[in-house]
Amino acid sequence: AQSVAQPEDQVNVAEGNPLTVKCTYSVSGNPYLFWYVQYPNRGLQFLLKYITGDNLVKGSYGFEAEFNKSQTSFHLKKPSALVSDSALYFCAATLNTGFQKLVFGTGTRLLVSP
Amino acid sequence: EAGVAQSPRYKIIEKRQSVAFWCNPISGHATLYWYQQILGQGPKLLIQFQNNGVVDDSQLPKDRFSAERLKGVDSTLKIQPAKLEDSAVYLCASSRDRVGEKLFFGSGTQLSVL
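Residues numbered from 1 in each chain as written. Chains lettered and ligands numbered in written order. Predicted model: local features only at pLDDT ≥ 70, side-chain atom pairs only at ≥ 80, totals over all residues. Heavy atoms only, no water.

**Student:** Which residues make up the overall build of chain A, and what are the values?
**Tutor:** A tally of helices and strands in chain A yields zero helices and 12 strands. In sequence order, chain A lays out its α and β elements as β-β-β-β-β-β-β-β-β-β-β-β. A compact globule built from 114 residues would reach a C-alpha radius of gyration of about 13 Å, and chain A, at 14 Å, matches this within 12%. Expressed along its principal axes, the backbone C-alpha trace of chain A runs to roughly 45 × 30 × 20 Å. Each of the 114 residues in chain A was classed as buried or not, and the buried ones make up 45%. Considering only contacts within chain A whose residues lie at least 6 apart along the sequence, 55% involve residues at least 24 apart. When the accessible surface of chain A is split by element, carbon and sulfur atoms take 51% of a total near 5,400 Å². (Helix = DSSP H or I, 4+ residues; strand = E, 2+ residues; numbered from the N terminus. Rg over C-alpha atoms; globule rule 2.2 N^0.38 Å. Buried < 20%, exposed > 50% of the residue type's maximum accessible area, 1.4 Å probe, protein only. Contact = heavy atoms within 4.5 Å. Areas by Shrake-Rupley, 256 points an atom, 1.4 Å probe, with all protein chains shown as cover.)

Have a look at this one:
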């Protein structure tokens, strides 16, 4: 069965510093990988996805993610954090065959301090 | 484009009562998902429709939960009777019918079962 792990419940970073939110996956075959963000009292919003090709994927709001097949990881990164980036971040994975069945991690709360 | 619409936004009921949630997906999106998000956890897929057919309901507690998608557009999720552990946010999402497509989420319905 496929699964996604986000080992950190919370990540704290100062504004202007780089941030990393970690994600590892367990999916047989070649996965499609996603990052979503959830602001308070809002639904999830798509940030970026990895399908194939370049291991560094760029997404919305200056975020990027690095796919590492050997480490089965898909960490979310941003060179310079903003206070407004504070939110709940979810990593998700699906198999690239058949119908799409998206499995989410437990989420990581990002807190950016001024 | 208009987003995914969900109603009601909040619902408070007593255990053993019934409740229904409504979702209107983005026009043209063939795939519709219902997720349950318990506080502190990632979204868990309850049921997935492709047009008006069910492609995955393996995690739907069928003794109390039911869902339908009439004419392949709107969908309703029902709980009868509700239990305390059903307290959660119920998220509806839709996507185009292809693996790797991003999901668009509604704002969710926050259910409290007392």
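**Student:** An account of the side chain of A:Lys78 is requested, with residue identities and associated values reported.
**Tutor:** All names here are of chain A. Topologically, Lys78 is positioned in strand E9 (residues 73–78). We classify Lys78 as buried; its relative accessible area is 8%. A distance of 2.8 Å separates polar atoms of two side chains, one belonging to Lys78 and the other to Asp85. Excluding residues that lie within four positions of it along the chain, Lys78 makes contacts with Pro18, Leu19, Tyr61, Gly62, Phe63 and Asp85. (Polar contact = N/O pair within 3.5 Å; in protein donor to acceptor, adjacent residues only side chain to side chain.)

**Student:** Please set out the pattern of salt bridges residue by residue, giving values where relevant.
**Tutor:** Residues and elements named next belong to chain B. Applying the stated rule across the entire model yields six salt bridges over all chains. Measuring nitrogen to oxygen at the nearest pair gives 3.7 Å for the salt bridge that ties Lys62 to Asp57. Asp57 sits in the partly exposed class, given a relative accessible area of 26%. Across the pair Arg64 and Asp86 runs a salt bridge, and its minimum N-O distance is 2.5 Å. On the criterion of sequence distance, the pair formed by Arg64 in the loop between strand E6 (53–56) and strand E7 (65–68) and Asp86 in the loop between strand E8 (75–79) and strand E9 (88–95) is long-range, its members being 22 residues apart. Given a relative accessible area of 10%, Arg64 falls into the buried group. (Salt bridge = Lys/Arg side-chain N within 4 Å of Asp/Glu carboxyl O.)

**Student:** Could you give me a rundown of the sheet that holds strand E1 (residues 5–7) of chain B, with the residues and numbers involved?
**Tutor:** All names here are of chain B. Taking strand neighbours across the sheet as the criterion, the four strands line up as E1-E3-E8-E7 in an open arrangement whose pairing is antiparallel. Edge positions in the open sheet fall to E1 and E7, since each of these has one partner strand only. Recorded for the sheet is a direction-independent mean angle of 15 degrees between the axes of neighbouring strands. As paired elements, E1 and strand E3 (residues 19–24) share three bridges and run antiparallel to each other. For Ala5, the partnering residue across the bridge sits in E3 and is Asn24. (Pairing = 2+ DSSP bridges. Axes fitted to C-alpha atoms, helices over the stretch in contact; angles between N-to-C directions.)

**Student:** Break down the interface of chain A and chain B for me, citing the residues and quoting the values.
**Tutor:** With 24 residues of chain A at the contact, the number on the chain B side is 25 residues. Interface area, chain A with chain B, both sides summed: about 1,800 Å², of which 53% is carbon and sulfur. In this assembly, chain A and chain B are joined by one salt bridge. Measuring nitrogen to oxygen at the nearest pair gives 3.2 Å for the salt bridge that ties B:Asp56 to A:Lys101. (Buried area = accessible area lost by both parts, 1.4 Å probe.)

**Student:** With reference to specific residues and values, describe the environment of B:Gln6.
**Tutor:** Residues and elements named next belong to chain B. Note on placement: Gln6 falls in strand E1. The class for Gln6 is buried, based on a relative accessible area of 15%. Residues Gln6 and Glu85, 79 residues apart in the sequence, show an inter-C-alpha distance of 21 Å. Leaving out residues up to four positions away in the same chain, Gln6 has contacts with Trp22, Cys23, Trp34, Tyr90, Leu91, Cys92, Gly106, Ser107, Gly108 and Thr109.

**Student:** Residue-level account of unusual backbone geometry, with values.
**Tutor:** Here the residue pair B:Ser7 and B:Pro8 is connected by a cis peptide bond, since its omega of -5 degrees sits within 30 degrees of zero. Checked against the element boundaries, B:Pro8 lands in the loop between E1 and strand E2 (10–13). At the junction of B:Gln80 and B:Pro81, the peptide bond is cis and its omega measures out at -5 degrees in the coordinates. Summarising the element assignment, B:Pro81 is placed in the loop between E8 and E9. Even without being glycine, A:Tyr61 reaches a positive phi, approximately 60 degrees. You can see A:Tyr61 is positioned in the loop between strand E7 (56–58) and strand E8 (64–68). Unlike most non-glycine residues, B:Asn51 shows phi in positive territory, near 55 degrees. Relative to the helices and strands, B:Asn51 resides in the loop between strand E5 (44–50) and E6.

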